[in-house]
Amino acid sequence: ITGADQTLIANTAPKFNFSIGNNFSYKNFQFSIFFAGQKLTEYASWGGAITGLYDQVGQGWNAYYPEANQRWTTLTPNSSIPSGLTDPKCNNYQNASNYYYINATFLRCQDIMLGYNLPDKLLGNKKTFKRVNISFDVNNAFLITKYPYLDPQIDQSSFYPLNRGFIIGINAGF
């Protein structure tokens, strides 16, 4: 295997970023929603942590036996599972594999807001307030992805996903 045999097998930069949002209103109600996502992004898993192959054989680590038994060796040269060897001479077979790359495409609902303007008859005749709006907002409402880890938008070495926030608001005009 030489440099001429190498080819690009993955790209961690998204090929397509997208977002869409809209505001709706009906009588005294307001509703807004905002989505964002990435398409065709691939990340390497934690060095094969899903299968336990990268850290393993002969190094005192446990390996998931069925996959470790089916990994690439000179006896199984057609296997799609990379070698478990940590010998530097075998890195061409272990590290330059697309086996560990995972599709990180996602669609995230970043914000949902529902608001209500109190009608004038509830504000009274004294008109202390010109308007009062009560709202409920959810940040990072949900995520749609097949990515197996916490969040496709954060570094895999971080163990903290994005927070979900709930906000209740009152906006009064005098």
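Residues numbered from 1 in each chain as written. Predicted model: local features only at pLDDT ≥ 70, side-chain atom pairs only at ≥ 80, totals over all residues. Heavy atoms only, no water.

Which residues make up the overall build of the protein chain, and what values do they have?
Of regular secondary structure, the protein chain possesses three helices and seven strands. Taken from N to C terminus, the helices and strands of the protein chain fall in the order β-β-β-α-α-β-β-α-β-β. Counting every position in the protein chain, which comprises 174 residues, the buried fraction comes to 29%. A separation of at least 24 residues holds for 64% of the contacts in the protein chain among residues at least 6 apart in sequence. (Helix = DSSP H or I, 4+ residues; strand = E, 2+ residues; numbered from the N terminus. Buried < 20%, exposed > 50% of the residue type's maximum accessible area, 1.4 Å probe, protein only. Contact = heavy atoms within 4.5 Å.)

Provide a residue-level description of the environment of Phe106, including the pertinent values.
Mapped onto the secondary structure, Phe106 falls in strand β5 (residues 106-117). Classification of Phe106 by relative accessible area gives buried; the value is 3%. A C-alpha to C-alpha distance of 4.6 Å links Phe106 and Thr145, two positions 39 residues apart in sequence. In contact with Phe106, other than residues within four places in its own chain, are Phe18, Ala36, Gly37, Gln38, Leu143, Ile144, Thr145, Pro152 and Gln153.

If you had to explain the side chain of Ser32 to someone new, which residues and values would you point to?
By the element assignment, Ser32 lies in strand β2 (residues 29-39). Apart from the residues within four sequence positions on either side, Ser32 is in contact with Asn22, Asn23, Asp111, Ile112 and Met113.

Account for the packing of aromatic side chains, naming residues and giving values.
Across all of its chains, the model carries six aromatic pairs by this definition. Summarising the aromatic geometry, the rings of Phe16 and Phe18 are spaced 5.8 Å apart at their centres and angled 25 degrees between planes, so their arrangement reads as stacked. Accessibility expressed as a relative area gives 29% for Phe18, which makes it partly exposed. (Phe/Tyr/Trp six-rings, centres within 6.5 Å; stacked < 30°, edge-to-face > 60°.)

Quick one: what's the story with the pairing of strand β1 (residues 16-26), residue by residue and with numbers?
Note on strand geometry: in a regular strand, side chains alternate between the two faces of the sheet. One ladder, built from eleven bridges, connects β1 with β2; its direction is antiparallel. Across the sheet, the residue bridging to Phe16 is Lys39, located in β2. The turn joining β1 and β2, which pair antiparallel and follow one another in sequence, is formed by two residues; a positive phi near 55 degrees is taken by Lys27. (Pairing = 2+ DSSP bridges.)

Which residues make up unusual backbone geometry, and what values do they have?
Residues apart from glycine generally show negative phi values, whereas peptide bonds are mostly found in trans. The residue Lys27 is not glycine, and still its phi comes out positive at about 55 degrees. One can find Lys27 in the loop between β1 and β2. Judged by relative accessible area, which is 70%, Lys27 ranks as exposed. For Asn140, which is not a glycine, the phi torsion comes out positive at approximately 55 degrees. Relative to the assigned elements, Asn140 resides in strand β6 (residues 131-145). Of the residues examined, Asn140 reaches a relative accessible area of 10% and is grouped as buried.

Any details on a nonpolar patch on the surface? Residues and values, ideally.
Judged by side-chain polarity, Phe24, Phe29, Phe31 and Leu114 come together as a nonpolar surface patch covering roughly 370 Å² of accessible area. Inspection of the secondary structure assignment puts Leu114 in strand β5. Residue Leu114 is classed as partly exposed on the basis of its relative accessible area of 45%. (Patch = residues over 30% accessible without salt bridge, like charges linked within 9 Å, V, L, I, M, F, W, Y side chains within 5 Å. Areas by Shrake-Rupley, 256 points an atom, 1.4 Å probe, with all protein chains shown as cover. Salt bridge = Lys/Arg side-chain N within 4 Å of Asp/Glu carboxyl O.)

Can you explain the pairing of β2? Please cite residues and give values.
With ten bridges connecting them, β2 and β5 associate as antiparallel partners. Paired with Phe34 across the bridge in β5 is Asp111.

Explain the confidence of the model for the protein chain to me, and be specific about the residues and the numbers.
The share of residues in the protein chain with pLDDT of 70 or more is 69%, and the mean pLDDT across the chain is 77. Under a pLDDT of 50 for its full length, residues 47-58 has, in the predicted model, 33 contacts with residues more than four places off or in other chains. (pLDDT = per-residue confidence, 0-100.)

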